[in-house]
Amino acid sequence: MPGPAVTEAICLTVQKFSETSKIAILYTRAWGRISVIAKGAYRPKSQFWGHLEPLSVAECVIYKKPNERLQLLSSCRAIAPWTGLTGSLTRAAFGFAVGEFLYRHTYEENDPELFGLACSTLESISRLPERLAARQFWGFMLGAVGCLGFRPEYDVCDGCGRKPAPDQRVVFDAIAGKIICRQCRREGGRPHVLSPEALNELIKRQHQPILDPNEAELNPAALEEIAASIEDFTVYHLGGSRLRSLGFARRVGTVEQVNHRKSKETDEMEA
Ligand SMILES: [Zn+2]
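Looking at the environment of Ile-62
At step 1: Topologically, Ile-62 is positioned in strand 4 (residues 57–63).
At step 2: When the C-alpha atoms of Ile-62 and Leu-89 are compared, they prove to be 32 Å apart, with 27 residues separating the residues in sequence.
At step 3: Leaving out residues up to four positions away in the same chain, Ile-62 has contacts with Pro-4, Ala-5, Thr-7, Val-36, Gln-71, Leu-72, Leu-73 and Ser-74.

Following this line, the structure appears as structure tokens:
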């Protein structure tokens, strides 16, 4: 019997296994993504209550056996329940998108850099104003695909090797993962037009994925360009389909925009 090991983990999913036990998929600092069983988790006095929930970050004691599909979680204590995430649908949606990314694209292979980035991102989304949640999420995606070995090149044009002029639109080719300036335009690839504002944000986020709360505003159209280009790059290079949580995040965003507009109209009518 191996001895217990302590590691921090982000809980990605939980499901009922039996009347009393829970199975969870964790993204751990020590081993990457693993499945664990929490025996007795549904018993009334279980020590797991409130500590093993999706997106909570916990200190876990695990009896880790090699080549075992399901590991034994002997105890777990939430160290960051991210209350800001559960208080807002928008924040929750982007938080779940972080979890879904880790669930889909990581394996049992430790990556402390990606683990740290995911924790900092959840913390940032839970603390930042709601309107910055999407922007923070795309900063995470850029950093995360980089951790997995796919780092787009935004600094110089793939054709001429020159830095694009500050006021010039460029094309990002999601297959090559490179930008192309107007003079070097070419056919084919999976092209995405990037405005200078979008390109600057991408270059900045590649060096600093976590947003500063006092970050200068970003035009929503530029954020859309960023989202579409990173999403396409990720789907092409990591495989699979688009993250389902993002569809939810978009629907929540649309509903919130409509509500905001309605309340503005009501205010105007009452004024
Ligand atoms: Zn060029």
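Digging into the sheet that holds strand 3 (residues 32–38)
At step 1: Read once around its circumference, the closed barrel built from 5 strands follows the order 1-2-3-5-4, with strand pairing classed as mixed. Recorded for the sheet is a direction-independent mean angle of 50 degrees between the axes of neighbouring strands.
At step 2: As defined by bridge partners, strand 2 (residues 22–28) adjoins strand 3 across 7 bridges and the pair is classed as antiparallel. If you follow Thr-28 over to strand 3, its bridge partner there is Gly-32.

What about unusual backbone geometry?
At step 1: A positive phi angle, near 75 degrees, is found at Leu-55, a position not held by glycine.
At step 2: Note that Leu-55 resides in the loop between strand 3 and strand 4.
At step 3: Non-glycine residue Asn-67 carries a positive phi angle of around 55 degrees.
At step 4: Summarising the element assignment, Asn-67 is placed in the loop between strand 4 and strand 5 (70–80).

Structural notes on the nonpolar core
At step 1: Within the largest apolar cluster, 67 residues are counted, with the highest numbers of intra-cluster contacts made by Ile-10, Leu-26, Ala-97 and Phe-137.
At step 2: The element best represented in this core is helix 4 (residues 133–147), accounting for 9 residues.
At step 3: Viewed by domain, this core spans two of them, domain 1 (5–81) and domain 2 (85–259), each represented by three or more residues.
At step 4: Dropping the residues within four chain positions of it, Ala-97 is found in contact with Phe-137, Leu-243, Ser-245, Leu-246 and Ala-249.

Quick look at the pairing of strand 7 (residues 170–173)
At step 1: Side chains Val-170 and Phe-172 project from strand 7 onto one buried face, and the interleaved Val-171 and Asp-173 project onto a second face that is buried too.
At step 2: Two elements, strand 7 and strand 8 (residues 178–180), share 3 bridges in a ladder whose sense is antiparallel. Bridged to Asp-173 within strand 8 is Lys-178.
At step 3: Counting the residues that bridge the hairpin from strand 7 to strand 8 gives 4 residues, and of these Gly-177 lies at a positive phi of roughly 70 degrees.

Quick look at the sheet that holds strand 8
At step 1: A sheet is described by the order of its strands in space; here 4 strands give the open sequence 6-8-7-9, paired in mixed fashion. With one partner strand each, in any of the chains shown, strand 6 (153–157) and strand 9 (191–194) form the two edges of the open sheet. Averaged over all neighbouring strand pairs, the angle between strand axes comes to 35 degrees, with direction disregarded.
At step 2: The strands touched by helix 5 (residues 196–207) within the sheet are strand 6, strand 7 and strand 9, with strand 6 carrying the most contacts at an inclination of about 125 degrees.
At step 3: Most of the contacts of helix 6 (residues 220–238) go to strand 9, to which it runs at about 155 degrees, and overall it touches strand 7 and strand 9.

The rules behind the values
Residues numbered from 1 in each chain as written. Predicted model: local features only at pLDDT ≥ 70, side-chain atom pairs only at ≥ 80, totals over all residues. Helix = DSSP H or I, 4+ residues; strand = E, 2+ residues; numbered from the N terminus. Contact = placed C-beta atoms within 7 Å. Pairing = 2+ DSSP bridges. Axes fitted to C-alpha atoms, helices over the stretch in contact; angles between N-to-C directions. Core = buried A, V, L, I, M, F, W, Y, C linked by C-beta atoms within 7 Å. Buried ≥ 20, exposed ≤ 12 C-beta atoms within 10 Å, placed from the backbone. Domains from an automatic or database assignment.

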